[in-house]
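Residues per chain are reported as follows:
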Amino acid sequence: MLGFLSVYVVLRRMVFVSAAVTQAAGLGVALAFFAEIHLGTHVDPMLGATGLSLLATALLMADPSRLKLTRESVLGLAFAFSGGAAVLVGDRIAQEAHDIQGILFGTAVLVTPEQLATVAGVGGVILLIHLWWFRGISFASFDRVGARVQGLPVRLLDAVLMVSIGIMVGVSARALGSLPVFAFSTLSAIAALVLDLRLPWTFLFATIAGCLSGAGGYLFAFFYDFPVGASQTVCASVLVGVAVLMNGLRRLIRPAH
């Protein structure tokens, strides 16, 4: 699902939005641990991640010009604050230090059945919504003026897309960590876009690239004893390289015909 959404993230130039939301999800998990340890209040870390992701999404959807700020400055602030705050909060919950490392860099080997079911369930629902509204969301994302002329509710469709990204990043970051989630939500689309396919095929290839990055990185980490999150991230990067080579070979072969 992150691979599917990555096409919107990259084509709409929202890569740093994905980075900021992912960091916010990590902070949400850290705050959930902090609340339970120091305040005696139980907060499900996945709810913390999703809540902070949606909060960051809402902040990034707002118009910053009223505060004399640019969108880039708000993105930078959200990214820097979330990342720094996650480290500071993590420093005060030593007994959960391994979980904080997992938030930042990924520990897919520690995913529980409940987390897997949540990620699969949420991802399935979001995928169904996006397949159902595919034409409207893609039209509103890539041709806003045309969508308004056709009478589409552009703001609503934008909100559905941003909330989808926020929720999916939140539940995934708790299970996998911020690093691989950011990779799946950006590099998958980059690999697909390099091939210069038609839009529906681009979404399909990006989705497959996300699946291959997750599964391939996990297997690589398992057989060679590497960290899972970093392995998945590198695997996603390698797929971009493979796509570049495929595109180069295709250009060399075309003139021969």
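What counts, and where the lines are drawn
- Residues numbered from 1 in each chain as written.
- Predicted model: local features only at pLDDT ≥ 70, side-chain atom pairs only at ≥ 80, totals over all residues.
- Heavy atoms only, no water.
- Helix = DSSP H or I, 4+ residues; strand = E, 2+ residues; numbered from the N terminus.
- Rg over C-alpha atoms; globule rule 2.2 N^0.38 Å.
- Buried < 20%, exposed > 50% of the residue type's maximum accessible area, 1.4 Å probe, protein only.
- Contact = heavy atoms within 4.5 Å.
- Phe/Tyr/Trp six-rings, centres within 6.5 Å; stacked < 30°, edge-to-face > 60°.
- Salt bridge = Lys/Arg side-chain N within 4 Å of Asp/Glu carboxyl O.
- Expected span 1.5 Å × (residues − 1).
- UniProt positions renumbered as here; feature names shortened; annotations may be inferred.

### Some thoughts on the overall build of the protein chain
Then, in step 1: The helix and strand inventory of the protein chain stands at 13 helices and zero strands.
Then, in step 2: In terms of C-alpha radius of gyration, the protein chain reaches 19 Å, essentially the compact-globule figure of 18 Å for 257 residues.
Then, in step 3: Seen through its principal axes, the protein chain has C-alpha atoms that stretch 65 × 50 × 35 Å.
Then, in step 4: The buried share among the 257 residues of the protein chain stands at 46%.
Then, in step 5: Across the protein chain, contacts joining residues at least 24 apart in sequence account for 76% of those joining residues at least 6 apart.

### Things to note about the environment of isoleucine 165
Then, in step 1: Structurally, isoleucine 165 is set in helix H9 (residues 154-176).
Then, in step 2: Here isoleucine 165 falls in the buried class, since its relative accessible area comes to 6%.
Then, in step 3: Along the chain, isoleucine 165 and phenylalanine 33 lie 132 residues apart, while their C-alpha atoms are 23 Å from each other.
Then, in step 4: Ignoring sequence-local partners within four residues, the contact set of isoleucine 165 consists of Leu5, Val9 and Met14.

### Some words on the packing of aromatic side chains
Any aromatic ring pair is given by two values, namely how distant the centres are and how the planes are angled relative to each other.
Then, in step 1: Summed over all chains, the structure comprises 10 aromatic pairs.
Then, in step 2: Arranged with centres 5.8 Å apart and planes meeting at 50°, the rings of tryptophan 132 and tryptophan 133 form a pair that is tilted.
Then, in step 3: We classify tryptophan 132 as exposed; its relative accessible area is 69%.
Then, in step 4: What makes tryptophan 133 partly exposed here is its relative accessible area of 29%.

### Some points on the pattern of salt bridges
Then, in step 1: Counted according to the given criterion, the structure contains two salt bridges.
Then, in step 2: Residue arginine 12 is joined to aspartate 158 by a salt bridge in which the shortest nitrogen-to-oxygen separation is 2.8 Å. Of this pair, arginine 12 sits in the loop between helix H1 (2-11) and helix H2 (15-38) while aspartate 158 sits in helix H9, placing them 146 residues apart in sequence.
Then, in step 3: The partner of aspartate 158 in a salt bridge is arginine 144, with the nearest N and O atoms 2.4 Å apart. Of the two residues, aspartate 158 is situated in helix H9 and arginine 144 in helix H8 (residues 144-149); the sequence distance between them amounts to 14 residues.

### Observations regarding helix H3 (residues 45-61)
Then, in step 1: Between its terminal C-alpha atoms H3 stretches 24 Å, which fits the 24 Å expected from 17 residues at 1.5 Å a residue.
Then, in step 2: Here H3 has its buried residues at Pro45, Met46, Gly48, Ala49, Thr50, Ser53, Ala56, Thr57 and Leu60.
Then, in step 3: Tucked into the core, H3 has its buried residues touching H2, helix H4 (71-91), helix H6 (113-132) and H9.

### Digging into the environment of glycine 136
Then, in step 1: Looking at the element boundaries, glycine 136 is found in helix H7 (residues 134-142).
Then, in step 2: With relative accessibility at 18%, the residue glycine 136 sits in the buried group.
Then, in step 3: Separated by 29 residues in the primary sequence, glycine 136 and isoleucine 165 have C-alpha atoms spaced 17 Å apart.

### Focus: unusual backbone geometry
Then, in step 1: Unusually for a residue other than glycine, aspartate 196 sits at a positive phi of about 55°.
Then, in step 2: Among the secondary structure elements, aspartate 196 is positioned in the loop between helix H11 (187-194) and helix H12 (199-224).
Then, in step 3: Judged by relative accessible area, which is 62%, aspartate 196 ranks as exposed.
Then, in step 4: If you check the backbone angles, aspartate 225 has positive phi at about 60° while not being a glycine.
Then, in step 5: Along the chain, aspartate 225 falls in the loop between H12 and helix H13 (228-253).

### Quick word on the UniProt feature "transmembrane region" (unreviewed entry) in the protein chain
Then, in step 1: Per the UniProt entry, the sites bearing "transmembrane region" (unreviewed entry) are residues 14-34, 46-62, 74-95, 115-134, 154-173, 179-197, 204-224 and 230-249 in this numbering.
Then, in step 2: With 100% helix and 0% strand, residues 204-224 has end C-alpha atoms that lie 30 Å from one another.
Then, in step 3: Secondary structure content for residues 230-249 is 100% helix and 0% strand, and the end C-alpha separation is 29 Å.

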